[in-house]
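If you want the building blocks of each chain, they are given just below.
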Amino acid sequence: MDERAALSVVGGLVDAAGDDAAVVGDTVITIDMLHERTDFPAGTSYYAMGWRSVGASLSDVAAMGAAATAAVAVYGAPRFEEGEITAFVEGATDVCEAVNTEYVGGDLDDTQEVTASTAAIGETDRPVGRDGATPGEVVAVTGTLGRSAAALDAFDAGDTELANDLFCFTPRVAAGRVLADDAGAMMDSSDGLARSLHQLAEASDVGFAVDSTRVPVADELSNGDRLRRALTFGEDFELVVTLPEDAVNAVEKRLDVPLSVVGDVTDRDVTLDGDPLPDEGYTHTGVE
């Protein structure tokens, strides 16, 4: 059973499952787990591990249109070294400060590989889910796609300084707050844009028509099929959002990050330049 099949099992057991975070009153809460084997290539600094792990949970808060309140982390490793723990906590603290929230601690555990389990909470009285997209809206993404793919290329090339810098993304919490005012549906792009669109399409019972020339590919991504990797690699933690076309200009003026309209919400099917866009993207099991 791959990750998506496992998630389907959970969704059948938990009525509230399906969005980037759970909603309890005005609070949203999310939890994530990252592993050395699947998430931290050789050369990843412990600072980047802390930043990226906590940032992944903060990205889920952003995708709900919530203001981040606090984050915690469990740090697991085969051994405890003061310098490694210090760097991890510094990364976790700094990513929280980058989105005006607080890292408030966590736990330690003895694990076979370096593992981080993180949770974040946020507050909103109007959470944005994945099920509100409407035909006639446009679909847009924040920032650029392919940053994490470029980081893997840099790790492979031995440029760990660039790779770790690319790994330390800024969660789009501020952008999520702005987009929430007009968003029909929203999620983060951690599984890749292609897969995110399929997930939104399923949740909202709609389709998407995407124009490849409008997909914002990161300048740092220079190897291989840049468009395909930007669409499917994932782990970029940008926001994918639907909103009325006539709201785009006003929204862009309020954002602290570029917003690219990449296509339209349609009645059915997910297409790229008129052809079917495969449901391909990142999974923790490595099964696509």
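The protein chain is annotated in an unreviewed UniProt entry as Thiamine-monophosphate kinase from Halocalculus aciditolerans. Quoted verbatim from the Catalytic activity (unreviewed entry) field of UniProt, the annotation for the protein chain is "thiamine phosphate + ATP = thiamine diphosphate + ADP". The UniProt entry for the protein chain carries the following text under Pathway (unreviewed entry): "Cofactor biosynthesis; thiamine diphosphate biosynthesis; thiamine diphosphate from thiamine phosphate: step 1/1."

Observations concerning the domain arrangement of the protein chain
Each assigned domain of the protein chain is listed here: domain 1 (3-123) and domain 2 (138-276). Between domain 1 and domain 2, the contact holds 27 residues from the first and 23 residues from the second. Counting the surface lost from both domain 1 and domain 2, the interface buries some 2,100 Å², and carbon and sulfur atoms represent 60% of this. Inspection of the region where domain 1 meets domain 2 yields zero salt bridges. Scanning the region where domain 1 abuts domain 2 turns up nine residue pairs in polar contact (both at pLDDT 80 or more). Elements with a contribution of two residues or more to the side of domain 1 that touches domain 2: helix H3 (46-63) and strand E3 (67-77).

Observations concerning the environment of Gly176
Its location among the elements puts Gly176 in helix H7 (residues 173-179). A C-alpha to C-alpha distance of 9.1 Å links Gly176 and Ser59, two positions 117 residues apart in sequence. Apart from the residues lying within four places of it in its own chain, the contact partners of Gly176 are Ala62, Gly65, Met186 and Leu239.

Reading the values: the criteria
Counting from 1, residues in each chain are numbered in the order their sequence is written. This being a predicted model, a pLDDT of at least 70 is required before a residue's local features are given, and a value of 80 or more before pairs of side-chain atoms are given or counted; all residues contribute to the totals for chains, interfaces and linings. Hydrogens are left out, water is left out, and the side-chain values use all remaining heavy atoms of the structure. UniProt positions are given in the numbering used here, feature names are shortened, and annotations may be inferred rather than shown by experiment. As used throughout, domain bounds are those supplied by an automatic or database domain assignment. The contact criterion used throughout is that any non-hydrogen atoms of two residues lie within 4.5 Å. Once two parts are put together, the accessible area they lose, assessed with a 1.4 Å probe and summed over both, is termed the buried area. By definition here, a salt bridge exists when the distance from a side-chain nitrogen of Lys or Arg to a carboxyl oxygen of Asp or Glu is within 4 Å. N or O atoms within 3.5 Å of each other form a polar contact, as long as, within protein, one can give a hydrogen and the other can take it, and as long as residues adjacent in sequence are counted only when both atoms are side-chain atoms. Helix and strand assignments follow DSSP, with helices taken as H or I runs no shorter than four residues and strands as E runs no shorter than two, numbered in order from the N terminus.

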